[in-house]
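For reference, the chains in residue letters:
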Amino acid sequence: MAAMGKKRKKLLHSALWAKKNTMNKDGSTTQGIGQPSIVHALIIIFLEFFAWGLLTSPVLNILHETFGDHTFLMNGLIQGVKGLLSFLSAPLIGALSDVWGRKSFLLLSVFFTCAPIPLMRISPWWYFAMLSMSGVFAVTFSIIFAYVADITEEQDRSAAYGLVSATFAASLVISPAVGAYVGKTYGDNLVIALSSAIALLDVLFILVAVPESLPEKVRPASWGASISWEQADPFASLRKVGQDQVVLLICITVFLSYLPEAGQYTCIFLYLKEVMGFNEEGVAKYIALVGVLSVFAQTQLLSGLMRMLGNKNTIMVGLGFQIFQLAWYGFGTQTWMMWVAGVMAALSSINYPCMSSIVSNNADADQQGVVQGIITGIRGLCNGLGPALFGFIFFVFDVDLNKLDSPTAAANKTLADPTAQSIIQGPPFVFGAILVILALLVAFFIPEHSSKYDHSSRSSAKRTLMVMEGGEEPLLQVDSDNP
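Residues numbered from 1 in each chain as written. Predicted model: local features only at pLDDT ≥ 70, side-chain atom pairs only at ≥ 80, totals over all residues. Heavy atoms only, no water.

For the chain, an unreviewed UniProt entry supplies the name Hippocampus abundant transcript 1 protein-like and the organism Branchiostoma belcheri. Regarding the chain, the relevant UniProt record gives this comment under Subcellular location (unreviewed entry): "Membrane". (UniProt positions renumbered as here; feature names shortened; annotations may be inferred.)

In structure tokens:
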């Protein structure tokens, strides 16, 4: 046991401090503090999402104050516009980061994603307008994953992606509770000011401390080079999805699995409070439990499963956890069932880093931004469609979460229809479970591939030949001997 513990610690330490040589051609290092490492990526993710986590309660309050009875509908519309813009822009920004480097686009992404925060109290309407438009740059995860791919070896990449996702979960463990406490004690204005300060700190950290991860020799162009429309076309990389089997299968899996997750995220806490009878303290404890277990799942559990099962089978295990938790949310009628579903939800959080890893491991060094941008773009589309889908299903089954705001509304509904809760408690979650079952079937056909050879030496020549012949090069290089 001691040997296993030391081995696990060594693996995590290797992933945390993994780095490649990123010196420029003249032997100089990139601007920033030290060499690029996973620590830089973790700090960026933590600060950005901690700032937004603080605003959980103020955002709900401002939504209700601004839109009244149409809160749920308008929230879905805002998130839909933001998600659609993210879907369109993520592949483009990822491809441009392959050309111009990661640091500049990290700076743009964090700055414009957090820019709406100060507007929350200045003008709610401008805040929601800017929040929708910020979807153009809401691609921090794709650039961070490309940054991590630049500086890690293939064998360390899954653990590194797990650390990034775990840091995201950790940032949300305490930030909603801290924001709620500060807002209740000192008012929402202080919460907004604190969140704005943390976001500004994140921008300054990127500007001053984060070194460029993409070696200059890998970049095919510089800031002074012209960019053709084919390179700037946001649909160019999306069209390649259908031309590469591995990317196509993973994108379908991501879409089918993340669509219900995105819808679930927008309504689960309101669902627990108004339908399942959780109080505010219970919801806070629930968030903390899921966050802590997600950190464990994306570090310890993920690395263990990857060693024992490999990429493909680990994805299928994660999808199995997700099916269980969605079905449990949908059919569960007792409070303890929701806690069990929360545990399963945390365990299913291994899906995204594992899918990102299998794509990254099969992509060339100068295509990391493209492939991660495609995955993030699909998730952005789901962030737009998921809330609308869940809201529509709640409407069809006559479960209006806005109407449940009244303390007596749920009780009156039950009295009017005593059998309403006896069949399906949460219809959207059951539908989501069906979608994830389909995702599991698609994932079965993803080839289990680990790049044991170096194909980078042939990629440049092959790419040049394909361009000269007017052909399309697959995004990923899959070993035909390893189905």
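Participant: Can you walk me through the packing of aromatic side chains in this structure?
Facilitator: Under the counting rule described, the total for this entry stands at 16 aromatic pairs. Ring geometry for Phe-49 and Phe-168: centres 4.9 Å apart, planes at 85 degrees, overall edge-to-face. One end of the pair, Phe-49, is in helix α2 (residues 38-54); the other, Phe-168, is in helix α9 (residues 154-186), and 119 residues separate them in sequence. Take Phe-49: its relative accessible area is 17%, and that puts it in the buried class. Judged by relative accessible area, Phe-168 falls into the partly exposed class, the value being 27%. Counting every residue linked through ring pairs, the aromatic cluster contains Phe-49, Phe-141, Phe-145, Tyr-161 and Phe-168. Over the ring of Trp-52 we find Lys-82, and its NZ or CZ is 5.8 Å from the ring centre. For the cation-ring pair, Lys-312 lies above Phe-444, with the distance from its terminal atom to the ring centre recorded as 4.9 Å. (Phe/Tyr/Trp six-rings, centres within 6.5 Å; stacked < 30°, edge-to-face > 60°. Helix = DSSP H or I, 4+ residues; strand = E, 2+ residues; numbered from the N terminus. Buried < 20%, exposed > 50% of the residue type's maximum accessible area, 1.4 Å probe, protein only. Lys NZ or Arg CZ within 6 Å of the ring centre and 35° of its normal.)

Participant: What is the right way to read the nonpolar core from this model?
Facilitator: The nonpolar side chains of a soluble globular protein tend to be buried with one another. Ile-144, Ile-250 and Phe-429 are the most contacted members of the largest nonpolar core, which has 114 residues in total. Setting aside anything within four residues of it in sequence, one finds Phe-429 in contact with Gln-264, Cys-267, Ile-268, Tyr-271, Leu-326, Tyr-329, Gly-330, Phe-390 and Phe-394. (Core = buried A, V, L, I, M, F, W, Y, C linked by side-chain atoms within 4.5 Å. Contact = heavy atoms within 4.5 Å.)

Participant: Can you help me understand the side chain of Glu-212 in this one?
Facilitator: Mapped onto the secondary structure, Glu-212 falls in the loop between α10 (188-209) and α11 (229-232). Polar side-chain contacts of Glu-212 include one of 2.8 Å to the backbone nitrogen of Arg-102. Of the polar contacts made by the side chain of Glu-212, one reaches the backbone nitrogen of Lys-103; its length is 3.0 Å. (Polar contact = N/O pair within 3.5 Å; in protein donor to acceptor, adjacent residues only side chain to side chain.)

Participant: What should I look at first to understand the pattern of salt bridges in this one?
Facilitator: Close approach of charged atoms lets side chains of opposite charge pair. On inspection of all chains with the given rule, the structure shows two salt bridges. The salt bridge partner of Asp-150 is Arg-102, with a shortest N-O separation of 2.7 Å. With a gap of 48 residues between them, Asp-150 in helix α8 (residues 140-151) and Arg-102 in the loop between α4 (71-100) and α5 (103-114) connect regions that are remote in the sequence. Assessed through its relative accessible area of 8%, Asp-150 is described here as buried. Two residues, Arg-121 and Asp-188, come together in a salt bridge whose shortest N-O distance is 3.6 Å. Taken together, the residues Arg-121 in helix α6 (residues 119-122) and Asp-188 in helix α10 connect sequence positions 67 residues apart. (Salt bridge = Lys/Arg side-chain N within 4 Å of Asp/Glu carboxyl O.)

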